[in-house]
Amino acid sequence: MTDIDVLSVFCAADGRYGNTLGVVRDGRRHPDQAGRQALAARLGYSETVFVDDPERGVVDIYTPGLRLPFAGHPLVGAAWLLDLETVNPPAGEVWVRQDGEFTWITARPEWAPPRTLRRYATVAEVDALPAPPPGEGGLYAWAWEDEAAGRVRARAFPRRDDGIAEDEATGAAALLLTAELGRALNIIQGRGSQLITAPGPDGTIEMGGRVRLLTAP
């Protein structure tokens, strides 16, 4: 597809890993929801974001099987690619800041789609889970790697019938876990992706990560 940038969001410090994201810079070329959903399914990334107004950061987010009002890695990726100060998904306005190699967004955890946050006793138990584990509904499996330092090992399983067995880096789930624990976190998810979070004084949570461009139109 010639009008799609492909990014890797929430990369490790060496640029590896991260969650793949498709960014359609000109959403006008795909004006209807059915066409956008079909394109997201064809691409097969965990999410594809359509930019409807690049100046105001108005975006529309799709998994291969459904439209989302909010998702973390599409917003971080689009903000980085378009150098935005705010991003506006259907859930509400999201503030953005750039800090060296990290792109940060500030969002509300209640915007995140619901999922089960399940704590495991050890990192090894999280690593040993099949993809996906038995059961229904979104699962965010996590364990403390170093509780005093706020370091978490996590894996995310959408458990939807859309071909995504495991989500490599899940910003929305990181927001929910940060809200539940009430503290800043350094999360290593999937094969080695990194998400950094910090709760704010007004119930918002700031979340940051690295982004790199994989392919451009």
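The structure we're discussing is the one just above.
Residues numbered from 1 in each chain as written. Predicted model: local features only at pLDDT ≥ 70, side-chain atom pairs only at ≥ 80, totals over all residues. Heavy atoms only, no water.

Student: Any chance you could explain the layout of surface pockets here in plain terms?
Tutor: Space left empty within the atom packing is revealed by a probe, the size of a water molecule, rolled over the atoms. For the largest pocket, the calculated volume is near 300 Å³. Secondary structure elements with two or more residues in the lining of the largest pocket: helix H2 (72–82), strand S11 (151–157) and helix H4 (171–181). Tallied by class, the residues present in the lining of the largest pocket amount to 13 nonpolar, 6 polar and 4 charged. (1 Å grid on protein atoms, 1.4 Å probe; cavity = no way out; pocket = protein on both sides within 12 Å on 5 of 7 lines; lining within 4 Å. Points joined across faces, edges and corners; volume = space filled by probe spheres on them. Helix = DSSP H or I, 4+ residues; strand = E, 2+ residues; numbered from the N terminus. Nonpolar A, V, L, I, M, F, W, Y, C, P; charged D, E, K, R; others polar.)

Student: Before we go on, may I ask you to explain the pairing of strand S13 (residues 193–199) in this structure?
Tutor: The two faces of a sheet get side chains in turn, since along a regular strand they alternate between them. Among the 7 residues that make up S13, 5 are buried, leaving the element largely enclosed by the rest of the structure. Hairpin connection, strand S12 (residues 185–189) to S13: the antiparallel pair is bridged by 3 residues, and Gly190 has positive phi, about 65°. Here S13 runs beside strand S14 (residues 205–215); their pairing, made up of 4 bridges, is antiparallel. For Thr197, the partnering residue across the bridge sits in S14 and is Met207. Between S13 and S14, which pair antiparallel in sequence order, lie 5 residues; one of them, Gly203, sits at a positive phi of approximately 85°. (Buried < 20%, exposed > 50% of the residue type's maximum accessible area, 1.4 Å probe, protein only. Pairing = 2+ DSSP bridges.)

Student: Honestly, H4 in this entry has me stumped. Any pointers?
Tutor: Every α-helix carries 3.6 residues per turn, so stepping three or four residues along brings you back to the same face. In terms of burial, H4 is a largely internal element, 8 of the 11 residues being buried. Of all the residues in H4, the buried ones are Gly171, Ala172, Ala173, Ala174, Leu175, Leu176, Leu177 and Thr178. Remark: Gly182 follows H4 within two positions and exhibits a positive phi of approximately 65°.

Student: In this structure, what is going on with the packing of aromatic side chains? I would like to understand it.
Tutor: Any two aromatic rings considered together are summarised by their centre-to-centre distance and by the angle between their planes. What the rule picks out here adds up to 4 aromatic pairs. The interplanar angle of 35° and the centroid separation of 6.0 Å between the aromatic rings of Phe102 and Trp104 together place this pair among those described as tilted. Using a relative accessible area of 14% as the deciding quantity, one classes Phe102 as buried. Relative to Trp144, the ring of Trp142 lies with its centre 5.4 Å away and its plane at 90°, an arrangement referred to as edge-to-face. You'll find Trp142 and Trp144 in the same group, each marked buried. (Phe/Tyr/Trp six-rings, centres within 6.5 Å; stacked < 30°, edge-to-face > 60°.)

Student: Looking at this model, I keep getting lost on the environment of Leu68. Mind explaining?
Tutor: Tracing the backbone shows Leu68 in strand S5 (residues 67–68). Note: C-alpha distance between Leu68 and Pro89 (21 residues apart in sequence) is 8.7 Å. Ignoring any residue separated from it by four or fewer positions in sequence, one finds Leu68 in contact with Glu47, Ile61, Thr63, Pro90 and Pro113. (Contact = heavy atoms within 4.5 Å.)

Student: I keep staring at unusual backbone geometry and nothing clicks. Help me out?
Tutor: Negative phi values dominate among residues other than glycine, just as trans dominates among peptide bonds. Following Ala131, the chain continues to Pro132 via a peptide bond in cis, the omega torsion being -5°. Summarising the element assignment, Pro132 is placed in the loop between helix H3 (123–127) and strand S10 (139–146). Phi is positive for Tyr17, which is not a glycine, with a value near 65°. Of note in the backbone geometry, Arg159 takes a positive phi value of approximately 50° without being a glycine. Along the chain, Arg159 falls in the loop between S11 and H4.

Student: Got a minute to help me understand the environment of Met207 in this structure?
Tutor: With respect to the helices and strands, Met207 occurs in strand S14. Remark: the alpha-carbon pair of Met207 and Ala174, spanning 33 residues in sequence, is separated by 8.1 Å. With residues near it in sequence (within four places) discarded, Met207 still touches Phe10, Gly72, Thr103, Trp104, Ile105, Gly171, Ala174, Leu175, Leu195, Ile196 and Thr197.

Student: I keep staring at the nonpolar core and nothing clicks. Help me out?
Tutor: The nonpolar side chains of soluble globular proteins are, as a tendency, buried together. Ranked by size, the top nonpolar core spans 44 residues in total, and within it Leu75, Val87, Tyr140, Val152 and Ile187 carry the most contacts. If near-sequence neighbours (up to four positions away) are discounted, Val87 is found in contact with Gly57, Val59, Leu75, Ala79, Gly92, Glu93, Val94 and Val96. (Core = buried A, V, L, I, M, F, W, Y, C linked by side-chain atoms within 4.5 Å.)

Student: Help me out: how do you make sense of the pattern of salt bridges in this one?
Tutor: A side chain of one charge can pair with a side chain of the opposite charge when the charged atoms of the two come close. What the rule picks out here adds up to 18 salt bridges. A salt bridge links Asp60 to Arg67, with the shortest nitrogen-to-oxygen separation between them at 2.6 Å. Judged by its relative accessible area of 4%, Asp60 is buried. Residues Glu145 and Arg151 are paired through a salt bridge, measuring 3.5 Å at the closest nitrogen-oxygen approach. Residue Arg151 is classed as partly exposed on the basis of its relative accessible area, which comes to 33%. Because the salt bridges share partners, they merge into one network encompassing Arg36, Asp52, Asp60 and Arg67. (Salt bridge = Lys/Arg side-chain N within 4 Å of Asp/Glu carboxyl O.)

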